[in-house]
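Single-letter residue listing:
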Amino acid sequence: MRDTENMEAEMEYDDGEEPSFSDPEDFVDDISDQELLGDVLKEKPQEADGIDSVIVVDNVPQVGPDRLEKLKNVIHKIFSKFGRITNEFYPDADGKTKGYIFLEYSAPSHAHEAVKNADGYKLDKQHTFRVNLFTDFDKYAVLYCAVIVTASKMGNLRHWLEDPDCRDQYSVIYDSGERTGIFANDVKEPIEVEERARWTETYVRWSPKGTYLATFHQRGIALWGGEKFKQIQRFSHQGVQLIDFSPCERYVVTFSPLMDTKDDPQAIIIWDVLTGQKKRGFHCESSAHWPIFKWSPDGKFFARMTLDTLSIYETPSMGLLDKKSLKINGIKDFSWSPGDNIIAFWVPEDKDIPARVTLMQLPSRNEIRVRNLFNVVDCKLHWQKNGDYLCVKVDRTPKGTQGVVTNFEIFRMREKQVPVDVVEMKESIIAFAWEPNGSKFAVLHGESPRISASFYHVKNNGKIDLIKMFDKQQANSIFWSPQGQFLVLAGLRSMNGALAFVDTSDCTMMNIAEHYMASDVEWDPTGRYVVTSVSWWSHKVDNAFWLWTFQGRLLQKNNKERFCQLLWRPRPPSLLSQEEIKLIKKDLKKYSKIFEQKDRLSQSKASKELVDKRRAMMEEYRKYRERATEMYQEQRPLRLELRGGVDTDELESNIDDWEEETIEFFINEEIIPIGDL
């Protein structure tokens, strides 16, 4: 029957009638072209094929004609893994390649694969490839323009540095966190710059150079800056609790315990400050030792420590340095040098293997110094601010003894082979602190009430001298001035706020004072002023902050209702060279009169309006006097004519015509009889 129907259909077609291939009216085509012809469509020519298949490789070695062929072979070997290269272009100038090249692949997918896998490829120590699609340059141009527009909206982010009186600023949180204010420091009283209600939900944080103020919110972090403290950037991180900036202020790290999944790490996020984009997320088991990531001083590297592992990442790729972590069995702690890309870490003893402290240069990973230690209980790493010295505080239990002995192992970082000096302390250590810009360090040691403060000087001849020791100090903290030389020994909280102001140039006590129940001490960036405060967060009464000179003279008592926190706004490093700074210090007497005059003016009780009024009156009098003097000179010929040519303008002008005349006056006469005497 079926064959008969087919025959009939063929007969109808043979008769010249064409069969119908149309779909029924209710037919729905649910198969896409991509599903049906996916392989074919991949090869379909695109309008921008000539551009989409091109990549730009930057940071390529600059070579001359003699080495060009070898460079081409190396480049071809690396990039041909991702697809067939159809064209290569090496721009040159003055007989050398320019350091970037263009490669064209046979298909856009190959170009995308090259960008994905070769960006950040390390050819050698000096050359790390940056690979981008040629079409991305338009995208980056738009992004660059967006950054420029954003920057223009920000205003002057360094406005506070242009203050004619060089006043430093500080942030104050009070009213149990409900209000936040920014103030300019002044000897008489704080000058309010900005004040807002509920500006932050917990606390605030300044960026390392003082450019940004970070505030905390349930949904994330906000950055503020410029003359009027406008909002500059937002980072959405639900439940954020902690943040940290890179030293260069290019990146900010946020931590939240709420958001984290195995596939999408969200506990720690690193953000780009300028663009607001997320750079990378990380898992975090615990935030007990914040910051989890520690930054190199130039912001090019950051590192974290996990079990038996030290992972070092590089920016801007946020990938592992050399694509692998360091395996260090038993690593306990590490710290970056503040002056160089050097990491110090220590490892405890393991059976017959002694504990050791290692100094490692990065990115080469060369170990520049290893120090073996025995009978170690614990170690603490203390860097001097400039990275000139490293102190490793080593708690030891010598054989045959019960107690703990502390050694300070002092590494001289600027000397050949990094020699190490040792200072032994048999008393318990309460606090240790380096002089920021010098070679002295201070130690608090002993047990209350017999606490001593010792000051040591690291000399160039390989010796460390004890220069002074103060007995019976009420102190548990050491606060050096940012400029060095001066410090405050403070007995915070349980020690009732005892304060001792010390000049370490001759180790004299400049003043002894007290701020009852003080919880914090904060030096201003210049080292001229220091603030002591009682925070509502730690003590519910007597909340206030007091301003002192570096010599310990009390200038202000600022009582703020439920005062919580004061933070000085940091200053960026000086643009002056060391030679220019020395020259200014040498010629300081030239400017001292101007400074003294300004100080006298600032100490005056006269208001600014009264001073301006007096200046206006003085200027008006000066102009009147000039007019009167000019008129007096114009009338001189008339005076001479009226006085017969005698010049009376000067007292001694006609002394030759003077005549001396004596005049006697009878005043009184009294007669006393002699007989009455």
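Residues numbered from 1 in each chain as written. Predicted model: local features only at pLDDT ≥ 70, side-chain atom pairs only at ≥ 80, totals over all residues. Heavy atoms only, no water.

1. Observations concerning the overall build of the protein chain
From N to C terminus, the protein chain includes 10 helices and 43 strands. Looking at the 677 residues of the protein chain, the share that counts as buried comes to 39%. Partitioning the intrachain contacts of the protein chain with sequence separation of at least 6 by distance along the chain shows that 43% fall at a separation of at least 24. When the accessible surface of the protein chain is totalled, it reaches about 42,100 Å², and 50% of it is carbon and sulfur. (Helix = DSSP H or I, 4+ residues; strand = E, 2+ residues; numbered from the N terminus. Buried < 20%, exposed > 50% of the residue type's maximum accessible area, 1.4 Å probe, protein only. Contact = heavy atoms within 4.5 Å. Areas by Shrake-Rupley, 256 points an atom, 1.4 Å probe, with all protein chains shown as cover.)

2. A few points about the pairing of strand E14 (residues 242–245)
Two strands pair when backbone bridges link them, and E14 and strand E15 (residues 251–255) are joined in this way by four bridges, in the antiparallel orientation. Considered in E15, the bridge of Ile243 is made with Thr254. Joining the antiparallel neighbours E14 and E15 is a turn of five residues, in which Glu249 adopts a positive phi near 65°. (Pairing = 2+ DSSP bridges.)

3. Digging into the packing of aromatic side chains
Tallied over the full model, the rule gives 36 aromatic pairs. Aromatic pair Phe301 and Trp336: ring centres 6.5 Å apart, planes at 15°, arrangement stacked. Note that Phe301 is positioned in strand E19 (residues 301–306) and Trp336 in strand E23 (residues 333–336), a separation of 35 residues in sequence. Taken together, a centroid distance of 5.9 Å and an interplanar angle of 90° make the contact between Phe432 and Trp434 edge-to-face. The same class applies to Phe432 and to Trp434, which are both buried. Through a chain of ring-to-ring contacts, the aromatic side chains of Tyr251, Phe282, Phe293, Trp295, Phe302 and Tyr313 assemble into a single cluster. (Phe/Tyr/Trp six-rings, centres within 6.5 Å; stacked < 30°, edge-to-face > 60°.)

4. Section: the sheet that holds E14
In any sheet, the strands associate via hydrogen bonds between backbone groups, in a parallel or an antiparallel arrangement. Read from one edge to the other, the open sheet built from four strands follows the order E14-E15-E16-E17, with strand pairing classed as antiparallel. For this open sheet the edge positions go to E14 and strand E17 (278–282), each flanked by a neighbour on one side alone. Going across the sheet, the axis of each strand differs from the next one's by a mean of 20°, ignoring polarity. (Axes fitted to C-alpha atoms, helices over the stretch in contact; angles between N-to-C directions.)

5. Some words on unusual backbone geometry
In this model, Thr315 is joined to Pro316 through a cis peptide bond whose omega is 5°. The topology assignment puts Pro316 in the loop between strand E20 (309–314) and strand E21 (319–320). Cis geometry is adopted by the peptide bond preceding Pro363, which originates at Leu362 and carries an omega value of 10°. One can find Pro363 in the loop between strand E25 (355–361) and strand E26 (366–373). The backbone phi angle of Glu249 is positive, close to 65°, even though this residue is not glycine. Mapped onto the secondary structure, Glu249 falls in the loop between E14 and E15. Residue class for Glu249 comes out buried when judged on its relative accessible area of 8%. Within the chain, Arg493 stands out as a residue other than glycine whose phi angle is a positive 55°. With respect to the helices and strands, Arg493 occurs in the loop between strand E36 (486–491) and strand E37 (498–503). On the accessibility criterion, Arg493 (42% relative accessible area) is partly exposed.

6. Quick word on helix H5 (residues 108–118)
When we look at burial in H5, the residues that qualify are Ala111, Ala114, Val115 and Ala118. The buried residues of H5 occupy an angular sector of 100° when projected down its axis, which confines them to one face. Just beyond H5, the residue with positive phi is Gly120, at close to 90°. (Arc of directions from axis to C-beta.)

7. Regarding the sheet that holds strand E5 (residues 100–105)
Within the open sheet, the four strands sit side by side as E2-E5-E1-E6. Their pairing is antiparallel. Unpaired on one side and paired on the other, strand E2 (85–89) and strand E6 (130–133) mark the two borders of the sheet. Taken over all neighbouring pairs, the strand axes of this sheet differ in orientation by 20° on average, direction set aside. Pairing between E2 and E5: four bridges, direction antiparallel.

8. A few points about the side chain of Arg396
Residue placement: Arg396 occurs in strand E28 (residues 389–396). No salt bridge is formed by the buried Arg396. Its closest oppositely charged neighbour is Glu424, at 4.6 Å. For Arg396, the side chain forms a polar contact with the main-chain oxygen of Phe374, separated by 3.3 Å. When sequence neighbours within four positions are dropped, the list of residues in contact with Arg396 reads Phe374, Asn375, Val377, Gly403, Val404, Val405 and Asn407. (Lys, Arg positive; Asp, Glu negative; His and termini not counted. Salt bridge = Lys/Arg side-chain N within 4 Å of Asp/Glu carboxyl O. Polar contact = N/O pair within 3.5 Å; in protein donor to acceptor, adjacent residues only side chain to side chain.)

9. Concerning a nonpolar patch on the surface
There is a patch of nonpolar side chains on the surface, built from Leu576, Ile584, Leu588, Tyr591, Ile594 and Phe595 and spanning about 530 Å² of accessible area. Looking at the nonpolar patch element by element, the count peaks at four residues for helix H8 (residues 588–603). With respect to the helices and strands, Tyr591 occurs in helix H8. Look at Tyr591 and you get partly exposed, because its relative accessible area is 34%. (Patch = residues over 30% accessible without salt bridge, like charges linked within 9 Å, V, L, I, M, F, W, Y side chains within 5 Å.)

10. Here's the deal with the nonpolar core
What tends to happen in soluble globular proteins is that the nonpolar side chains get buried as a cluster. Of all hydrophobic cores here, the largest spans 21 residues; its most connected members are Ile55, Val57, Ile75, Phe79, Tyr105, Phe129 and Val131. Those elements giving two or more residues to this core turn out to be strand E1 (54–58), helix H4 (65–79), E5, H5 and E6. Core analysis: the next-biggest nonpolar cluster, separate from the first, contains 18 residues, Trp346, Leu381, Val392 and Phe411 among them. (Core = buried A, V, L, I, M, F, W, Y, C linked by side-chain atoms within 4.5 Å.)

11. Comments concerning the environment of Glu162
Tracing the chain through its elements places Glu162 in the loop between helix H6 (136–154) and strand E7 (169–174). Here the side chain of Glu162 touches Asn156 through a polar contact of 2.9 Å, side chain to side chain.

12. Some words on the environment of Asn366
In this structure, Asn366 sits in strand E26. Taking the relative accessible area as the measure of exposure, Asn366 reaches 44% and is therefore partly exposed. Between the C-alpha atoms of Asn366 and Ile342, which are 24 residues apart in sequence, the distance is 9.6 Å. Setting aside chain neighbours within four positions, we find Asn366 in contact with Leu359, Met360 and Gln361. Here Ser364 takes part through its side chain, which lies 3.2 Å from a polar atom of the side chain of Asn366.

13. Digging into the pairing of E19
Sheet topology places strand E18 (residues 294–295) next to E19; two bridges connect them, and they run antiparallel. When the sheet's bridge partners are listed, Trp295 is paired in E19 with Phe302. Of the pairings in the sheet, the one linking E19 to E20 comprises six bridges and is antiparallel in character. Note on E20: the bridge partner recorded for Ala303 is Ile312. Remark: two residues form the turn of the hairpin made by E19 and E20, two consecutive strands paired antiparallel; Asp308 in that turn has positive phi of roughly 60°.

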